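# Reading the structure
Here's the letter readout for the chains.
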Amino acid sequence: MKVLNMEFDPSEVYRPETDVGKGKAVEEYRNFKEGPLMDRVYNTYLLMHTNQTVEFVQKKNEEYGGCRRLQMSIMEALDLLDHVVDESDPDVDFPNSFHAFQTAEGIRKAHPDKDWFHLVGLLHDMGKVLALAGEPQWAVVGDTFPVGCKVQPSVVLRESTFHANPDMKNPSYNTEFGLYQPHCGLANVLMSWGHDEYMYRVMKHNRFALPPEAFYMIRFHSFYPWHTGGDYMHLCNEEDLRMLPWVKEFNKFDLYTKCEDLPNPEELKPYYQSLIDKYCPGQLWW
Ligand SMILES: [Fe+2]
Ligand SMILES: [Fe+2]
């Protein structure tokens, strides 16, 4: 069993008063009420919460889950993220490739001995290449939530964005458990389709030599209504509860390393290439 050191709190490091010019106060992140990017964010969630249905998710799992569309390396995928700006993110208005390095470097500072965890930081949003395959942002980015059961209170913008979703009219999808059994485990729940599930599928398909925690963190890192909101516990099994501290640990870096002070990818690439060579080398199927 791996020991997880959770003493380190990156929100301390990136706070303005301790690191002038970088980041912002913890409570200023994930503001879905106001801010310069709010129209874009709201619109992305409105489309997501209107169109992510059981049927849609099943179709996308079928379409992309087999990873038989193209071949490329991790570094090639990372370079593609230079062309993706996440339209659901109220805290970031720069290409996702920088966010990959920011997250990875934050983890590297706090967990110097866990090189596989550094790689998780680099890989976690790589599924956003879907946005360059013609997928709309609402089917790629943003928080995830289970489809096929009642939407829980901590789902962002729940009150104003689900009214036109056809699943809301299906009584069997709108009970506490909906399609699912109590404590069936999140692996058996259909999550709204996006970059988390897609990257998890890519990792599985290409047999990344990473520990189960790495697969799990990437698969559920956007499930804020669960890992931060505390909802959907009635669907979790023991495995989910065992993994929850890892997801929370990862989330600190995913969120609080976001700042306008951008890293230099060219300086960092040799180190991360060595991790790629160790855990997921060569041309992969996507
Ligand atoms: Fe993400
Ligand atoms: Fe991220």
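Please read all numbers here as calculations on a predicted model, not as lab measurements. All residue numbers refer to position in the chain's written sequence, counted from 1. For this description, chains carry letters from A and ligands carry numbers from 1, given in the order in which they are written. Totals for whole chains, interfaces and linings use all residues, but because this is a predicted model, local features are given only for residues with pLDDT of at least 70 and pairs of side-chain atoms are given and counted only at 80 or more. Only hydrogens and water are set aside; all other atoms, that is, all heavy atoms of the structure, feed into the side-chain values.

Moving on, we come to the packing of aromatic side chains. Stacked, tilted and edge-to-face pairs are distinguished by plane angle, under 30 degrees for stacked and over 60 for edge-to-face with tilted covering the rest, among Phe, Tyr and Trp rings (Trp via its six-membered ring) whose centres lie within 6.5 Å. Tallying each qualifying case throughout the model produces 19 aromatic pairs. Between Tyr 216 and Trp 226 the ring centres are 6.3 Å apart and the planes differ by 65°, which places this aromatic pair in the edge-to-face class. Here Trp 226 lies in helix α10 (residues 224–227) and Tyr 216 lies in helix α9 (residues 212–220), a separation of 10 residues in the sequence. The two residues Tyr 216 and Trp 226 agree in class, both being buried. Plain terms: the ring middles of Tyr 271 and Tyr 272 are 4.9 Å apart, the flat faces sit at 80° to each other, and that makes the pair edge-to-face. Members of the aromatic cluster, joined through ring pairs, are Tyr 216, Phe 220, Phe 223, Trp 226 and Tyr 232. Only lysine NZ and arginine CZ atoms are considered, and such an atom sits over a ring when it is within 6 Å of the ring centre and within 35 degrees of the ring normal. Taking the ring centre of Tyr 224 as reference, the NZ or CZ of Arg 30 above it sits at 3.5 Å. Of note, Arg 108 hangs over the ring of Tyr 271, and the distance from its end group to the ring centre comes to 3.8 Å. The helix and strand labels rest on DSSP assignments: H or I over at least four residues marks a helix, E over at least two residues marks a strand, and numbering proceeds from the N terminus. Each residue gets one of three labels from its accessible area relative to the maximum for its type: buried under 20%, exposed over 50%, partly exposed in between, using a 1.4 Å probe on protein chains only.

Here we take up the state of the cysteines. Cysteine sulfur atoms are paired as a disulfide whenever they fall within 2.5 Å. Scanning all chains against the criterion turns up zero disulfides. Considering cysteine sulfurs only, Cys 184 is the nearest to Cys 149, which forms no disulfide, with 8.7 Å between them. Look at Cys 149 and you get buried, because its relative accessible area is 3%.

Coordination partners: N, O, S within 2.8 Å of the metal, 3.2 Å for Na, K and Ca; water not considered, so apparent gaps in a site are possible. Distances from the iron ion (ligand 1) to its protein donors, Asp 125 (OD), His 195 (NE2) and His 221 (NE2), fall within 1.9 to 2.2 Å. When the donors of the iron ion (ligand 1) are listed by position in the chain, the intervening gaps give D-x69-H-x25-H. A separation of 3.6 Å is found between the iron ion (ligand 1) and the iron ion (ligand 2), which share Asp 125 as a coordinating residue. Remark: His 221 occurs in the loop between α9 and α10 and His 195 occurs in helix α8 (residues 195–205); sequence separation between them is 26 residues.

Another aspect to go through is the UniProt feature "binding site: Fe cation" (unreviewed entry) in the protein. Mapped onto this numbering, the UniProt entry annotates "binding site: Fe cation" (unreviewed entry) at His 99, His 124, Asp 125, His 195, His 221 and Asp 254. Spanning 156 residues, the named residues nonetheless gather at one spot, since no C-alpha pair among them exceeds 14.5 Å. Checking the named residues against the largest cavity, the ones that line it are His 99, His 124, Asp 125, His 195, His 221 and Asp 254. Take His 195: its relative accessible area is 3%, and that puts it in the buried class. UniProt positions are given in the numbering used here, feature names are shortened, and annotations may be inferred rather than shown by experiment. Using a grid of 1 Å spacing that covers the protein atoms alone, one calls a set of points a cavity when a 1.4 Å probe fits there but cannot get out, and a pocket when the set is open and has protein on both sides within 12 Å along at least five of seven lines; lining residues are those with an atom within 4 Å of a point.

Right, let's get into the coordination of the iron ion (ligand 2). As a benchmark, a tetrahedral metal site with four donors has ideal angles of 109.5 degrees, while an octahedral site with six donors has ideal angles of 90 or 180 degrees. Distances from the iron ion (ligand 2) to its protein donors, His 99 (NE2), His 124 (NE2), Asp 125 (OD) and Asp 254 (OD), fall at 2.1 to 2.3 Å. Every angle between 85 and 135 degrees makes a four-donor site tetrahedral, while opposite donors more than 155 degrees apart, with all other angles between 65 and 115, make a four-donor site square planar and a six-donor site octahedral; other sites are irregular. Considering all four donor atoms around the iron ion (ligand 2), the spread of angles at the metal, 81 to 170°, places the coordination shape in the irregular class. Sequence positions of the residues that donate to the iron ion (ligand 2) give the spacing H-x24-H-D-x128-D.

What follows is about the nonpolar core. Counting 83 residues, the largest nonpolar core has Ile 74, Met 199, Phe 208, Leu 210 and Trp 286 as its most contacted members. Excluding its chain neighbours within four sequence positions, the residues that come into contact with Leu 210 are Trp 116, Leu 119, Leu 123, Met 203, Phe 215 and Tyr 279. Here the nonpolar core consists of buried residues drawn from Ala, Val, Leu, Ile, Met, Phe, Trp, Tyr and Cys, with membership extended through side-chain atoms lying within 4.5 Å. Contacts are assigned to residue pairs that have any heavy atoms within 4.5 Å of one another.

Grid points are joined across faces, edges and corners, and a volume is the space filled by probe spheres set on the points. This model, assessed by the stated rule, comprises four cavities of 30 Å³ or more. Taken as a whole, the largest cavity holds about 240 Å³ of empty space. Every element with two or more residues in the lining of the largest cavity is listed here: α5 (96–110) and α11 (238–256). For this classification, Asp, Glu, Lys and Arg are treated as charged, while Ala, Val, Leu, Ile, Met, Phe, Trp, Tyr, Cys and Pro are nonpolar and the rest, including Gly, are polar. Along the lines of polarity and charge, the residues of the lining of the largest cavity split into seven nonpolar, eight polar and nine charged. Its volume calculated, the second largest cavity comes out at about 60 Å³.

If you check UniProt for "binding site: substrate" (unreviewed entry), the listed places come out as Arg 30, Asp 86, Glu 87, Ser 88, Lys 128, Gly 142, Asp 143, His 221 and Ser 222 in our numbering. Taking the annotated residues in turn, Arg 30, Asp 86, Ser 88, Lys 128, Gly 142, Asp 143, His 221 and Ser 222 line the largest cavity. The exposure class assigned to Gly 142 is buried, which follows from its relative accessible area of 10%. With relative accessibility at 2%, the residue His 221 sits in the buried group. The residues contacting His 221, other than those within four sequence positions of it, are His 124, Asp 125, His 195, Asp 196, His 227, Val 247, Phe 250 and Asp 254. In this structure the side chain of His 221 is engaged in a polar contact, spanning 3.0 Å, whose partner is the side chain of Asp 125. Distance and chemistry together define a polar contact, namely a pair of N or O atoms within 3.5 Å, with one atom able to donate a hydrogen and the other to accept it when in protein, and with adjacent residues in sequence counting only for side-chain atoms on both sides.

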